Amino acid sequence: MYHYQSCKNHKGTITQQPFTNSFSTDTYTHSSSNIPSRAIKTNQDLLPSTPIGQLFYNDFWGTPLTHSGSHKSYRPLCVLTFRLNYALGGFDPWGYHFFNVILHAGVSALFTSLASAIFCHSPLPTLVAGLLFAAHPIHTEAVAGVVGRADVGACLFFLLALLSYMKYCKYRDKKLYLYICLVMSAASMLTKEHGVTVLVLCAVYDLFVVHRLHPKDFLDVLNQKRYGALREGLLHIILTSIALILTRFHLMGSKTPDFAPADNPASDNPSMLTRTLTFLYLPAFNFWLLLCPRWLSFDWSMEAIPLLSNPWDPRNILSACFYGSCLHFLVYIFRSLSSQRSSALSGSHGSCDCSSSCCTWNHRLQLGRQYIRSTYNSGKQYSCVYNNNNSSLANGHNRGTNGVANGHSSVQCRSDSSTDCYCFSALHNHTDAVIMATSLLVLPFVPATNLFFYVGFVVAERVLYIPSMGFCLLIALGLDQLYKKQDKIMIKRIVLGVLCALLIAMSVHTVRRNRDWWNEENLYRSGIPINPPKAYGNLANILSAQGKKAEAEWAYKKALTYRSNMADVHYNLGILQQEQSRYEEALISYKLAIQFRPRLAMAHLNLGLVLGILGRKEEAAVVYRHCAELDSSGLKDPKMHETTKISALFNLGRLHADGGLYKQAIQVYQEAVQKMPDHYQPQSLYNMMGEAFFKLKQYDEAEHWYQQALRAKADHIPAHLTYAKLLSKLGRERESEQWFLKAKVIAPNDSSVYQHYGQFLSENERHVEAAEVYLRAAELAPDEYEIVFNAANALRQAGRNEDAEHYYQIAVKLRPQEVGSHMNLGAMLHVNGKLQEAEKAYLEALRLKPDDHMTQNNLHKLRILLDKSNKRKDSRRR
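The chain has the name dolichyl-phosphate-mannose--protein mannosyltransferase in an unreviewed UniProt entry, where Nephila pilipes is given as its organism. Check the Pathway (unreviewed entry) section of the UniProt entry for the chain; it says "Protein modification; protein glycosylation." What the UniProt record of the chain gives under Sequence similarities (unreviewed entry) is the line "Belongs to the TMTC family."

Okay, here's the thing in C-alpha cells:
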C-alpha cells in the first residue's frame, strides 16, 4: 500500500475575496466611451429598486443632501433621465450619449427660434447665431460628457421658460404662458442650479424690452395703473424665485457645500488682494474661452490657472479690457434707455409709447412691415406714431390683426422726412438685442463667479453652455451690423466669407475636440498642456487598467513631479505596486496618501491588507480599527467612505478568523452589521459570519447567516457553497447537493464551484463523478495548484491512474518546491510501474523535506521492489 499526501487546502473554507477599494478615485471628467462612476455606475438612484421619490432628497451623486459630505448638487430631473437611460439600456454608453446629442439638437433649434424673435426674423443674424451655437467647441464637454446633460437639459427648460414668458408679454390675457414659464423655470433649476436665473432674465425682458423702462422709473411701477400687467408678471417672478431658492436651501440642510482647496485655490487663499484679482480675472478668462476656444481641458483645477497675486500681472490687462467692454455696454444701454425716456416725456412724434405690453418684438415687426410697405408705395419717408390710450392688454382686451389693441391703440403714419419709426428697434435701434444678449451672457454665469458664494471649480466649460447663447447673439448682431453698413457688394461678400470661415473653423475644432472625448486616454492626454498633474494622474489610471503597468507607473510619478501632495495619485500608485507584489513600496505610497489626506479610508484599508500579507497582523488590526473610526463629514463621496469603513471591519474580522479567534471575529462582524449603511451590500459579511459560527460548531447560527447572505444576494456563489457544506455536515446530503447544482447553474465557469462540489462527491465516495467534476475545475483554472492537485487525487481514487499521473506532473510544474506534489507523483509512478521515475520523485521530495516519514516509507518499499526486480533480471541472465 502506498501513502499519499492530500493538498493542505483540500478541505479549506470557501474563498472569500477580501474587501479592497483598488480602483482610481473618481474625477468629474468623463469620456464618451465610458460611463462616469459616481454619477451613474455607483449611483443607487438609477436602480429600479430605489424609490423614485428618493431622487428628490439626494444630490447628483446619490448622496443625501443633508449629509455633511454631500456635494449639494441638486439635479433630480437630470438623474431621472439617467434612470430612464438605465431602464432602456443599462450601462450601455451609446444610449446616454445619443440622448445628449438629441438634447443639444433640440436646444439649438429652440435657441434659433429665440434668435429669430430677437432679430425680427432677419435671416442673417438668426442663422449666424444658431449655427455658431450649434457648432461652438466650448459645448463639447456638455454634449460629449455624459454628466454635461445637466447643463444641456437646464438650457432646454431655460429656453422654454423664456419663450413662454415672451408669449405671455405678447398675450397678457393668456395666463397659461406665465404659468408654463414658472414651471419650466423650476424644471431648469431642478436640472441644474443656475437654471433659476431665467426668471431674472424674464424680468429684464419685461422691464427693459417690453416696457422700455428707465431705472429712474422703477418706482412708478409700484403705483401707476398702466403698469398693472408688468406688476403681475414681476410679482409671479419674485414669488417663484423666493420659493425655489428657499426650497432649495431647505433641502440641502441649510448648509453650503465644502470644497477641497485644490478645486478652487483662490477661495482658500488668505490674501484679499489675490482673491480679488483672481476672481476678477476668471470671468474675463471664461469670455476669452468663448471668443477663442483654442485651449480646452477636461479639468481646470489646481494650478491650471495660476493665482493673480500681483497688480502688475499682465493678465490684469485682459481683466481691464473685459470690464471696460462691459462698462461700455452698460453705458450704451443706459444712454439708449435715457434717450427713449426723454423722447417719451417730450411726446415727440418720433417716439413710441411702449409702456404697454403690446409693444413686443412681434408687434414691432408688424409695424416695420407696414412702414416699409407705406414707404415703397408712396416713395416717401414716414414716421409711425404708436398711440396707446390706455393699457388695454392689462385689462384683458384682445389684439387686433396688427397686434394693436382694438379700440385703444392705433398706428398712424405721417409724412416726415426726418424721422424713422422708433418701434422698429430691431431694424434701426439695437438696444433691445444688446440688452437680451448681454443679459443672456451675464445672468446665467453669475452663480459661477464666486461673488455670492464659493463654487467647487475654477473654470468649467460646461457651465458656459447657457451663457454662450448671449455670446452667440452678440457676435451675430455685430456681424449683421458690419454687413449692413457696407455699400459695396465685394466687401459684403468678404464679410460673408469671413463668417463662413469662422463657422467652418469652429466646426472643425468641435470635431477634433470630440475625438479627444472619444475615450479617456485621448481626453487625459489632451489635458496635459493645461493641467499636467491631474491629466497625468488620470492617464495613469487608464494605462493601469489597460495593463500597461510600466507606463502607468511613469505617469503617476510624472504627476507627482508637478504636485507631490496628490493623495489620490499616491494611493493609486500604491495599488499598482501592490498588484505587482511590491509590498514595501506600496506601504510607502499608502502612508504618503494618508499623510496628505488623513481621512482617505481606501488608503487605510489597503495599507491594512498589505500589512496582513507581510505577516504584520497586529499592525494591520490597528490600521483596520482606525479606518473604521474615520470621520466622514465634508467628504466628496461619503457613500464610498462609509462602505470602506465597513470593509475595514470585515477584514478585521477575517484577520481574527484566520488566526482562529472566531469569537472575536463574530464580535467585529456584528459591529459591522450594526454600523453598515443602507447602500452597503452585506452578503459577504453575512457569509463570513456564518463561517465563524460554523467553525465554532454553532450550526443553527451558521445556517441563519448563510440564509441571510442568500436573501441579500440570491446569486452569491460563496454563500451557496458554504451553505451546501454546512448541510453536508449536518447529514442533509440531498439538500446540500441541490445547492451545489444551483451554484453550477448560476456560475457554470467558476472553478471554485466545481472544486467544492468535487470535494463533496469525494467525501460521499462518489469518486467517478468527483473525478469528472475536478477535471472540469482544472480545465477552468489550469494554473491553480490546489485544483490541479485535487483533480489528480480524485482521478487516483477513481482508478484512472494514467490521468492521475498526468495531473500530478502538472502540479509539480506549478509548485516545484511543494513536497506533496513530488511525493504523490512518486507514489503514482510507483503504482504505474515506473519505478525508476518514481525513485527520482521520492528523492526530490526527500531533498525538500528529508525527515518526511511517509516519503521514506514509500521509498523503502520502492527499493525493495527494485531489488527484487534486479534479482529476477540477474537470475534470467544466468
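So, next bit.
Asks: Tell me what's going on with the overall build of the chain, and back it up with residues and numbers.
Replies: The helix and strand inventory of the chain stands at 37 helices and two strands. Within the chain, buried positions represent 54% of all 878 residues. In the chain, of all internal contacts separated by at least 6 residues, the share reaching a separation of at least 24 is 67%. Total accessible area on the chain is roughly 39600 Å²; 58% of this is exposed by carbon and sulfur atoms.

Asks: For helix 26 (residues 662–675), give the residues involved together with the corresponding values.
Replies: Between its first and last C-alpha atoms helix 26 spans 20 Å; for 14 residues at 1.5 Å apiece the expected length is 20 Å, and the two agree. Lining the buried residues of helix 26 we find helix 24 (617–628), helix 25 (638–658) and helix 27 (683–695).

Asks: Describe the nonpolar core, naming the residues involved and giving the relevant values.
Replies: With 99 residues, the main nonpolar core has Tyr571, Tyr624 and Tyr669 as its most contacted residues. Residues contacting Tyr669, with those up to four places away along its chain left out, are Phe650, Gly653, Arg654, Ala657, Leu685, Met688, Met689 and Ala692.

Asks: How would you sum up the UniProt feature "repeat: TPR" (unreviewed entry) in the chain? Please name residues and give values.
Replies: As annotated by UniProt and renumbered to match this structure, "repeat: TPR" (unreviewed entry) occupies residues 567–600, 646–679, 683–716, 751–784 and 819–852. Annotated as residues 646–679, this span is 79% helix and 0% strand, and its ends, taken at the C-alpha atoms, are 11 Å apart. Between the first and last C-alpha atoms of residues 819–852 the distance is 9 Å; the span itself is 79% helix and 0% strand.

Asks: Can you break down the side chain of Thr722 residue by residue, with the values?
Replies: The residue Thr722 is located in helix 29 (residues 717–729) in this model. When its relative accessible area of 1% is taken as the criterion, Thr722 is described as buried.

Asks: Give a description of the pattern of salt bridges that names residues and reports values.
Replies: In total, this model carries 37 salt bridges according to the counting rule given. Of the charged contacts in the structure, one is a salt bridge between Asp480 and Lys484, with a shortest N-O distance of 3.3 Å. Pair noted here: Asp480 and Lys484 are both in helix 16 (residues 467–484), with a separation of four residues, about one helical turn. The buried category is assigned to Asp480, whose relative accessible area is 4%. Accessibility expressed as a relative area gives 41% for Lys484, which makes it partly exposed. Connected via shared salt-bridge partners are Glu553, Lys557, Arg582 and Glu585.

Asks: Go over the side chain of Glu805, please, and point to the residues and values.
Replies: Position of Glu805 among the secondary structure elements: in helix 34 (residues 801–814). Overall, Glu805 belongs to the buried group, its relative accessible area being 7%. Within polar-contact distance, the side chain of Glu805 engages the side chain of Lys834 at 2.9 Å. Those residues in contact with Glu805 that lie beyond four places of it in its chain are Leu825, Met828, Leu829, Asn832 and Lys834.

Asks: Describe a nonpolar patch on the surface, with residues and values.
Replies: Residues Trp94, Phe98 and Ile102 make up a contiguous nonpolar surface patch of roughly 370 Å² in combined accessible area. Within the secondary structure, Trp94 sits in helix 3 (residues 93–118).

Asks: Residue-level account of the confidence of the model for the chain, with values.
Replies: Of all residues in the chain, 84% have pLDDT values of 70 or greater, and the mean over the chain is 83. With pLDDT under 50 throughout, residues 6–34 is counted as low confidence; its partners more than four residues away or in other chains account for 100 contacts. Contacts from residues 348–428, a stretch scored under 50 in pLDDT, to residues over four places away or in other chains number 170 contacts.

Asks: Describe in detail the environment of Ser271, supporting the description with residues and values.
Replies: Structurally, the position occupied by Ser271 is in the loop between helix 10 (228–251) and helix 11 (272–291). When the C-alpha atoms of Ser271 and Ser309 are compared, they prove to be 8.1 Å apart, with 38 residues separating the residues in sequence. A distance of 3.2 Å separates a polar side-chain atom of Ser271 from the backbone nitrogen of Thr274.

Asks: How would you summarise the environment of Phe457 if you had to cite specific residues and measurements?
Replies: Residue position: Phe457 is located in the loop between helix 15 (431–442) and helix 16. Residue Phe457 is classed as partly exposed on the basis of its relative accessible area, which comes to 23%. Residues Phe457 and Asp299, 158 residues apart in the sequence, show an inter-C-alpha distance of 8.8 Å.

Asks: Which residues make up unusual backbone geometry, and what are the values?
Replies: Notably, Cys120 is not glycine yet its phi reads approximately 50 degrees, a positive angle. Mapped onto the elements of the fold, Cys120 is located in the loop between helix 3 and helix 4 (123–135). With a phi angle near 50 degrees, Arg212 is a residue other than glycine that sits in the positive phi range. With respect to the helices, strands and loops of the structure, Arg212 is situated in the loop between helix 8 (198–210) and helix 9 (220–223).

Asks: Account for the environment of Leu635, naming residues and giving values.
Replies: Topologically, Leu635 is positioned in the loop between helix 24 and helix 25. Counting along the chain gives 36 residues from Leu635 to Arg599, while the straight-line C-alpha distance between them is 8.8 Å.

Asks: Explain the packing of helix 28 (residues 699–712) against helix 29 to me, and be specific about the residues and the numbers.
Replies: Here helix 28 crosses helix 29 at 150 degrees, and the two axes come no closer than 9 Å. Put simply, helix 28 runs roughly antiparallel to helix 29. You can see that helix 28 and helix 29 cross each other, and the crossing is left-handed. Residue-level contacts link Tyr699, Ala702, Glu703, Tyr706, Gln707, Ala709 and Leu710 of helix 28 to Ala719, His720, Thr722, Tyr723, Leu726, Leu727 and Lys729 of helix 29. In terms of residue class, the contact of helix 28 with helix 29 is made up of nine nonpolar, three polar and two charged.

Asks: So, the packing of aromatic side chains: which residues are in play, and what are the values?
Replies: Counted by the stated rule, this structure contains 28 aromatic pairs. Ring plane angle 40 degrees and centroid distance 5.0 Å describe the contact between Phe111 and Phe133, whose orientation is recorded as tilted. One end of the pair, Phe111, is in helix 3; the other, Phe133, is in helix 4, and 22 residues separate them in sequence. Just as Phe111 is buried, Phe133 falls in that class too.

Asks: I'd love a proper account of the packing of helix 15 against helix 16, names of residues and values included.
Replies: Remark: helix 15 packs on helix 16, axes separated minimally by 6 Å, with the N-to-C direction vectors making an angle of 150 degrees. Between helix 15 and helix 16, the crossing angle belongs to the class labelled roughly antiparallel. Considering only the axes of helix 15 and helix 16, their crossing is left-handed. Only Pro467, Met469, Gly470, Phe471, Leu473, Leu474 and Leu477 of helix 16 make contact with helix 15, whose side of the interface consists of Ala433, Val434, Ala437, Thr438, Leu440 and Leu441. Among the residues making up the contact of helix 15 with helix 16, the classes are represented as 11 nonpolar, two polar and no charged.

Calculation notes
Each chain has its residues counted from 1, following the order in which its sequence is written. A pLDDT threshold of at least 70 governs which residues receive local features in this predicted model, and a stricter bar of 80 or more applies before side-chain atom pairs are shown or counted, although totals over entire chains, interfaces and linings include all residues. The side-chain numbers reported here are obtained from all heavy atoms of the structure, hydrogens and water having been left aside. UniProt positions are given in the numbering used here, feature names are shortened, and annotations may be inferred rather than shown by experiment. Counting from the N terminus, the helices are DSSP H or I runs at least four residues long and the strands are E runs at least two residues long. Burial classification: accessible surface area is computed with a 1.4 Å probe over protein chains only, and a residue below 20% of its type maximum counts as buried, one above 50% as exposed, and the rest as partly exposed. We call two residues in contact whenever any of their non-hydrogen atoms come within 4.5 Å of each other. Values of accessible area rely on a 1.4 Å probe in the Shrake-Rupley scheme; residue burial ignores everything except the protein chains shown. Expected helix span is computed as 1.5 Å times (number of residues minus one). To form a nonpolar core, buried Ala, Val, Leu, Ile, Met, Phe, Trp, Tyr and Cys residues must be joined to one another through side-chain atoms within 4.5 Å. Salt bridge, as used here: a side-chain nitrogen of Lys or Arg that lies within 4 Å of a carboxyl oxygen of Asp or Glu. In protein, a polar contact requires one atom able to donate a hydrogen and another able to accept it; more generally it is a pair of N or O atoms within 3.5 Å, and residues adjacent in sequence count only if both atoms are side-chain atoms. Any residue with relative accessible area above 30% and no salt bridge may belong to a patch, with like charges joined within 9 Å and the nonpolar Val, Leu, Ile, Met, Phe, Trp and Tyr side chains within 5 Å. Here pLDDT means the predictor's own confidence in every residue, given as a number from 0 to 100. Fitting a line to C-alpha atoms yields each axis, with helices limited to the stretch in contact; the angle taken between N-to-C directions then spans 0 to 180 degrees. Just so you know how the angles are binned, under 35 degrees is roughly parallel, over 145 roughly antiparallel, 65 to 115 roughly perpendicular, and the rest oblique. Crossing handedness is defined as follows: a turn of the near helix away from the far one that is anticlockwise and smaller than a right angle gives a left-handed crossing, while the clockwise case is right-handed. Residues are grouped as follows: Ala, Val, Leu, Ile, Met, Phe, Trp, Tyr, Cys and Pro are nonpolar; Asp, Glu, Lys and Arg are charged; all remaining types, including Gly, are polar. Only Phe, Tyr and Trp rings are paired, with Trp represented by its six-membered ring, and only when their centres lie within 6.5 Å; those with planes under 30 degrees apart are stacked, over 60 edge-to-face, the remainder tilted.

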